[in-house]
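# Geometric and topological summary
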Amino acid sequence: MFTSLNGYHLSEYLLVLEPNEALQQKILQLKQHFADTYDCPTAVYSKPHITLLRCLQYTMAESRWLPRLERIINGTDPFLVELSDFGSFPTHTIFIQVKTKNPIIELVRSLRPLQPMIKTDKAHKPHFIMDPHVTIARKLLPWQYEKGWLEYSNSEFSGRFMADHVLLMRKQMDEKKYEVIKRFQLLGQKQTIEQNSLFDW
C-alpha cells in the first residue's frame, strides 16, 4: 500500500451512520465485555457505527467530490434504524444485525454516482457497503471467534435510532485513528438536488 504519489498524499475515508449517544454507550458496553472476556482490546478502538462507504483518495481532491456528496446526503430523508440480535462473518467478525436494511441500502446506492470521483485507480476502488451492520469485534483469531460467537449467537440485543446525519471520517495512510472531518444532514431536499444536478458536470 502506498501513501503518496508524485508528492500527493493519500487518505482513507469512511462514511458512517452513528447511533445516538445512549445507544452508543449500550453498544460500547458490549464491545468492552468482548474485549475483556476474549482478550481483544481492538474491540473498543472504534465507536459504534454503520459503515456506508470506504474509499482511498488523494486529500487534495476533497474539494471536487465533497460538495457532490453533501448534496446527495441532503437529498435523503431521515429514517429509523432498528438493530436486532447478532450475526457474524465466519470466522473473523461478530456484529449487531441491522433489522431495517432497505433505507440504508438505498442511501448507499445513491452514492454510486460518486465512484469516478473517489476511485484512485483500478487497484483501489471504493467499497459501497451493501450489508449494513454494527461491528462488535473484527479480525478475530479462530478461538476468539468460536468462543465469542458461541456466547453472542445465544444472546439478544435490540435498539433503534433516527438516522438524521452521516459522518465523513478521514485518516492518513500512516495513521491509526480516523478523525471526523464533515457532518452531513439528511434533509430530504430532493427537488433542489434534481434541479442542481442538471448543471452538475
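Residues numbered from 1 in each chain as written. Predicted model: local features only at pLDDT ≥ 70, side-chain atom pairs only at ≥ 80, totals over all residues. Heavy atoms only, no water.

Going by the annotation in an unreviewed UniProt entry, the name recorded for the protein chain is 2'-5' RNA ligase family protein, with Sediminibacterium sp. KACHI17 given as the source organism.

### Some words on the pairing of strand S7 (residues 133-137)
Extensive coverage of S7 is indicated by the burial of four of its five residues. Bridge count between strand S5 (residues 93-98) and S7: four bridges; the pairing is antiparallel. Within S7, the residue paired with Phe-95 across the bridge is Thr-135. (Buried < 20%, exposed > 50% of the residue type's maximum accessible area, 1.4 Å probe, protein only. Helix = DSSP H or I, 4+ residues; strand = E, 2+ residues; numbered from the N terminus. Pairing = 2+ DSSP bridges.)

### Comments concerning the confidence of the model for the protein chain
For the protein chain, the mean per-residue pLDDT works out to 91, and 91% of the residues sit at or above 70. Note that pLDDT drops below 50 for residues 197-201; the model gives that stretch two contacts with residues more than four away or on any other chain. (pLDDT = per-residue confidence, 0-100. Contact = heavy atoms within 4.5 Å.)

### Examining the packing of helix H1 (residues 21-37) against helix H5 (residues 142-152)
One can describe the packing of H1 onto H5 by two numbers: an axis separation of 11 Å at closest approach and a directional angle of 135 degrees. Considered as vectors, H1 and H5 are oriented oblique to each other. Note that H1 runs across H5; the crossing there is right-handed. Mapping the contact onto sequence places Leu-30, His-33 and Phe-34 in H1 and Gln-144, Gly-148, Glu-151 and Tyr-152 in H5. Split into classes, the residues belonging to the contact of H1 with H5 amount to three nonpolar, three polar and one charged. (Axes fitted to C-alpha atoms, helices over the stretch in contact; angles between N-to-C directions. Parallel < 35°, antiparallel > 145°, perpendicular 65-115°, else oblique. Left-handed = near helix turned anticlockwise from the far one by under 90°. Nonpolar A, V, L, I, M, F, W, Y, C, P; charged D, E, K, R; others polar.)

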